[in-house]
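# Coordinate inspection notes
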Amino acid sequence: MKAIVVHEYGPPDVLKYETLPDPEPGAGEIRVVVHAATVNRVLDVALRAGTQAHRKPAFPFIPGVDCAGIVDKVGPGVTRWKIGDRVAAAGRMPLASAPEDWTLDSRDGYSGATGMMGIKRPGGFAEKVCVPACAAFRVPEPVSFAEAAVILRHCPTAWNLLFNVAGLKAGEWVLIMGAGGNLGSIGVQIAKHVADAKVIATAGSDSRAQSALALGADHAVNYNTHDLRDEVMRITGGKGVAVLYDNIANPDVLPKAFHALGERGRLVTAGAHGGPNVMIDFFHLYDRKITIKGQPGYKPSDVPKCLEAAAEGKIKVQIAHQLPLKQAADAHRMMEADPGMGKIVLSPTL
Ligand SMILES: NC(=O)c1ccc[n+]([C@@H]2O[C@H](COP(=O)([O-])OP(=O)(O)OC[C@H]3O[C@@H](n4cnc5c(N)ncnc54)[C@H](OP(=O)(O)O)[C@@H]3O)[C@@H](O)[C@H]2O)c1
């Protein structure tokens, strides 16, 4: 098979397009013919450059922290999947043989090491990849493989933050930061079309704010041309929002958004790439009885709900470019050249 192999940290040129033997699925594993794998700023570009202090791959490695495609071989003991099934897998999973019904939710039946595909085990930048059967999710028919890969990458984290961490309820006001970005654009859609909340989206440009309106936001604010707190207070009739969904920690913008949180407001976040240090007004915090919760990751049991919401058309992923696998280095160059670059998906079948 063809695969992208990284032998050393360095510029995009270190992503080598090589020929390797097909991987063989071990006990409890399935082999997937990869149709799509996402390219990510932190988990691919920064990892390849060697600037990810707390994520260390063992060289040589095949990157790609997710994959979506078709099962073409099952390993010993696998009954859950058969050849031809449409599946997707992403993120942290067992590194050794695990029961096919094991989940990160319960952790029963496997006490071995776990790690991310594309970092601690071979990733999705390949024509074929083996993943534990327990880490795969069925991709419903209307959802394309490119969409499924993006859904797995961003949607469960957004879902977890809004439902499990913030406890967002129908009819509540939510302020979505970075609404033109990955977690932001998915957050807008989950909040509006799944939770039935009232959504205010904010972004640093008119075009990113407009894109959130197109995804269903009730209001959008460009924080560079308007005072974010004043706008949110005007829109909510002085009440403020119940939930502030951040994931950026922009030191210029988050303090204003924080002041737009109302009584018993909840700030939730899984990222800090625009910070990490932000001034927080503790008077507002205690006076309004606000809760701040940081929570990366997600519940695997929420992943099928995300894929179902995509199948029902409630969540539409934003894909900027789909490129053949051999253009992985170009994809990294494009991301490095444009910080606003949307999602790039590599498709080994193109
Ligand atoms: N699966 C996931 O998606 C996942 C899981 C766990 C954690 N995270 C973390 O969550 C965060 C958001 O991920 P993402 O994929 O949604 O990011 P993204 O799409 O690359 O960026 C989100 C938004 O952040 C703002 N931004 C970008 N660079 C910035 C900078 N240098 N300073 C200030 N603001 C900046 C932009 O919004 P403006 O319009 O405001 O400029 C952008 O639209 C990251 O820190 C990521 O590591 C993501």
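Residues numbered from 1 in each chain as written. Predicted model: local features only at pLDDT ≥ 70, side-chain atom pairs only at ≥ 80, totals over all residues. Heavy atoms only, no water.

## Describing the state of the cysteines
Evaluation of the coordinates by the stated rule reveals zero disulfides. Cys 130 forms no disulfide, and the closest cysteine sulfur to it belongs to Cys 67, at a distance of 10 Å. No disulfide involves Cys 155; its sulfur sits 3.5 Å from the nearest other cysteine sulfur, which is in Cys 306. (Disulfide = S-S within 2.5 Å.)

## So, the pattern of salt bridges
Within this structure, the stated rule accounts for 22 salt bridges. Residue Asp 66 is joined to Arg 153 by a salt bridge in which the shortest nitrogen-to-oxygen separation is 3.0 Å. You can see Asp 66 sitting in strand β4 (residues 66-74) and its partner Arg 153 sitting in helix α2 (residues 145-165), a full 87 residues away along the chain. Asp 66 gets classed as buried once you look at its relative accessible area, which sits at 0%. By relative accessible area, Arg 153 is classed as buried at 12%. The structure contains a network of salt bridges with shared partners spanning Asp 22, Glu 24, Arg 31, Asp 72, Lys 73 and Lys 128. (Salt bridge = Lys/Arg side-chain N within 4 Å of Asp/Glu carboxyl O. Helix = DSSP H or I, 4+ residues; strand = E, 2+ residues; numbered from the N terminus. Buried < 20%, exposed > 50% of the residue type's maximum accessible area, 1.4 Å probe, protein only.)

## Details of the side chain of Glu 100
As for its position among the elements, Glu 100 is in the loop between β6 (92-94) and β7 (114-116). Buried within the structure, Glu 100 lacks any salt-bridge partner; Arg 80 is the closest side chain of opposite charge, at an N-O distance of 5.8 Å. Only 2.4 Å separates the side chain of Glu 100 from the side chain of Thr 79, close enough to count as a polar contact. Sequence-distant contacts of Glu 100, defined by excluding residues within four places in its chain, comprise Gly 77, Val 78, Thr 79, Arg 80, Ala 133 and Cys 134. (Lys, Arg positive; Asp, Glu negative; His and termini not counted. Polar contact = N/O pair within 3.5 Å; in protein donor to acceptor, adjacent residues only side chain to side chain. Contact = heavy atoms within 4.5 Å.)

## Examining the side chain of Asp 302
Among the secondary structure elements, Asp 302 is positioned in the loop between β15 (291-294) and α8 (303-311). Not counting residues up to four positions away in its chain, the partners in contact with Asp 302 are Trp 159 and Asn 164.

## A look at the site of the ligand
As a structural note, the neighbourhood of the ligand is formed by 20 residues, with Arg 153, His 154, Leu 183, Arg 208 and Tyr 223 the closest of them. Within the backbone of Leu 183, a nitrogen or oxygen atom sits 2.7 Å from an oxygen atom of the ligand. Within the backbone of Ala 270, a nitrogen or oxygen atom sits 3.5 Å from a nitrogen atom of the ligand. Mapped by element, the contributors of at least two residues to the shell around the ligand are α2 and α3 (182-194). With three residues, the single largest contributor to the shell around the ligand is α2. Across the shell around the ligand, the residue classes break down as six nonpolar, eleven polar and three charged. (Near = heavy atom within 4 Å. Nonpolar A, V, L, I, M, F, W, Y, C, P; charged D, E, K, R; others polar.)

## As for helix α1 (residues 41-49)
By the burial criterion, the buried members of α1 are Leu 43, Asp 44, Val 45, Ala 46, Leu 47 and Arg 48. Buried positions along α1 lie against β2 (15-19), β3 (29-39), β7, α2 and α9 (328-337). Gly 50 sits one or two residues past α1 and shows a positive phi near 85°.

## A few points about the pairing of strand β11 (residues 198-203)
Within β11, five of the six residues are buried, which leaves the element mostly enclosed by the surrounding structure. Inspection of the sheet shows strand β10 (residues 173-176) paired to β11 by four bridges, in the parallel sense. Residue Leu 175 lies in a different strand from β11, and its bridge partner there is Ile 200. Handedness of the crossover joining β10 and β11 through α3 is recorded here as right-handed. Pairing of β11 with strand β12 (residues 219-222) involves four bridges; the strand directions are parallel. (Pairing = 2+ DSSP bridges. Right-handed = clockwise from strand over helix to strand, strands pointing away.)

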